[in-house]
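The chain contents come next:
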Amino acid sequence: MHDWSATEFQRLVAREDDDVELKSGASPRKLQEAMVAFSNTGGGTIFIGVQDDRTVIGRSRDQGTDDAIHDAALSARNVGHYTIATATVDGVEIVVVDVEGREDEVAQTSDGRVLKRRGGRNQAVFG
């Protein structure tokens, strides 16, 4: 488990980029898009409980959060290996999902989209 000060965390996630995604909640659809994009672009980390402006609002790792993450991955095709962990920022718990990139296959969302990470966006490869 990581334990960051607010200053350390702000430096770590200076902005969303090729390998950092900030999520305030655990929407399976949004998680799936990020997991697919990271899988197709060398991997990355999703911080759940953090708003886009980097405000830490917190998120406990509970059954509902784990289920949302697993549902997102299992309903997609070929998502890279991922791990779920907890961390704290000035004592506020957040959830951290590390997604590994795929080298052997292409990941797709449940509706067939192939996404890649470009800066802070998950963009369709074609279409």
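Residues numbered from 1 in each chain as written. Predicted model: local features only at pLDDT ≥ 70, side-chain atom pairs only at ≥ 80, totals over all residues. Heavy atoms only, no water.

**Examining the side chain of D66**
Turning to step 1, where the next piece is worked out: Turning to its location among the elements, D66 is positioned in helix α3 (residues 63-75).
Turning to step 2, where the next piece is worked out: The buried category is assigned to D66, whose relative accessible area is 14%.
Turning to step 3, where the next piece is worked out: Within the structure, the side chain of D66 is placed 2.8 Å from the side chain of R61, a separation counted as a polar contact.
Turning to step 4, where the next piece is worked out: Ignoring sequence-local partners within four residues, the contact set of D66 consists of R61 and I84. (Helix = DSSP H or I, 4+ residues; strand = E, 2+ residues; numbered from the N terminus. Buried < 20%, exposed > 50% of the residue type's maximum accessible area, 1.4 Å probe, protein only. Polar contact = N/O pair within 3.5 Å; in protein donor to acceptor, adjacent residues only side chain to side chain. Contact = heavy atoms within 4.5 Å.)

**What to know about the packing of aromatic side chains**
Turning to step 1, where the next piece is worked out: In this structure the tally under the stated criterion is 3 aromatic pairs.
Turning to step 2, where the next piece is worked out: Aromatic pair W4 and F47: ring centres 6.1 Å apart, planes at 70°, arrangement edge-to-face. Of this pair, W4 sits in strand β1 (residues 2-4) while F47 sits in strand β3 (residues 43-48), placing them 43 residues apart in sequence.
Turning to step 3, where the next piece is worked out: Seen from their ring centres, F9 and F47 are 5.4 Å apart, and the 85° between their planes marks the pair as edge-to-face. (Phe/Tyr/Trp six-rings, centres within 6.5 Å; stacked < 30°, edge-to-face > 60°.)

**Brief notes about the nonpolar core**
Turning to step 1, where the next piece is worked out: Residues L31, M35, I46, I48, I69, Y82 and V97 are the most contacted members of the largest nonpolar core, which totals 22 residues.
Turning to step 2, where the next piece is worked out: Going through the elements one at a time, α2 (28-39), β3, α3, β4 (82-89) and β5 (92-100) are the ones with two or more residues in this core.
Turning to step 3, where the next piece is worked out: Apart from residues no more than four positions distant in its own chain, I48 is found in contact with K23, G25, A26, L31, R59, I69, I94, V95 and V97.
Turning to step 4, where the next piece is worked out: Among the nonpolar cores identified, the runner-up in size contains 11 residues, and F9, V20, V50 and V89 belong to it. (Core = buried A, V, L, I, M, F, W, Y, C linked by side-chain atoms within 4.5 Å.)

**Structural notes on α3**
In an α-helix there are 3.6 residues to a turn, and that puts residues three or four apart on one side.
Turning to step 1, where the next piece is worked out: Relative to the 18 Å expected for 13 residues at 1.5 Å per residue, α3 spans 18 Å between its end C-alpha atoms, a close match to the ideal helical length.
Turning to step 2, where the next piece is worked out: The complete set of buried residues in α3 reads T65, D66, A68, I69, A72 and A73. Buried residues of α3, seen end-on, are gathered within an arc of 160° and therefore sit on one face of the element. Among the exposed residues of α3, those pointing more than 90 degrees away from its buried face are Q63 and L74. (Expected span 1.5 Å × (residues − 1). Arc of directions from axis to C-beta.)

**A short note on the sheet that holds β1**
Turning to step 1, where the next piece is worked out: Taken together, 5 strands build an open sheet; the order of strands is β1-β4-β5-β3-β2 and the sheet is mixed. Looking at strand neighbours, the two that pair on one side only are β1 and β2 (20-23), the edges of this open sheet. Neighbouring strand axes in the sheet, compared pairwise and without regard to direction, differ in orientation by 25° on average.
Turning to step 2, where the next piece is worked out: Along the sheet, α3 makes contact with β3, β4 and β5, crossing β4 at roughly 145°. (Pairing = 2+ DSSP bridges. Axes fitted to C-alpha atoms, helices over the stretch in contact; angles between N-to-C directions.)

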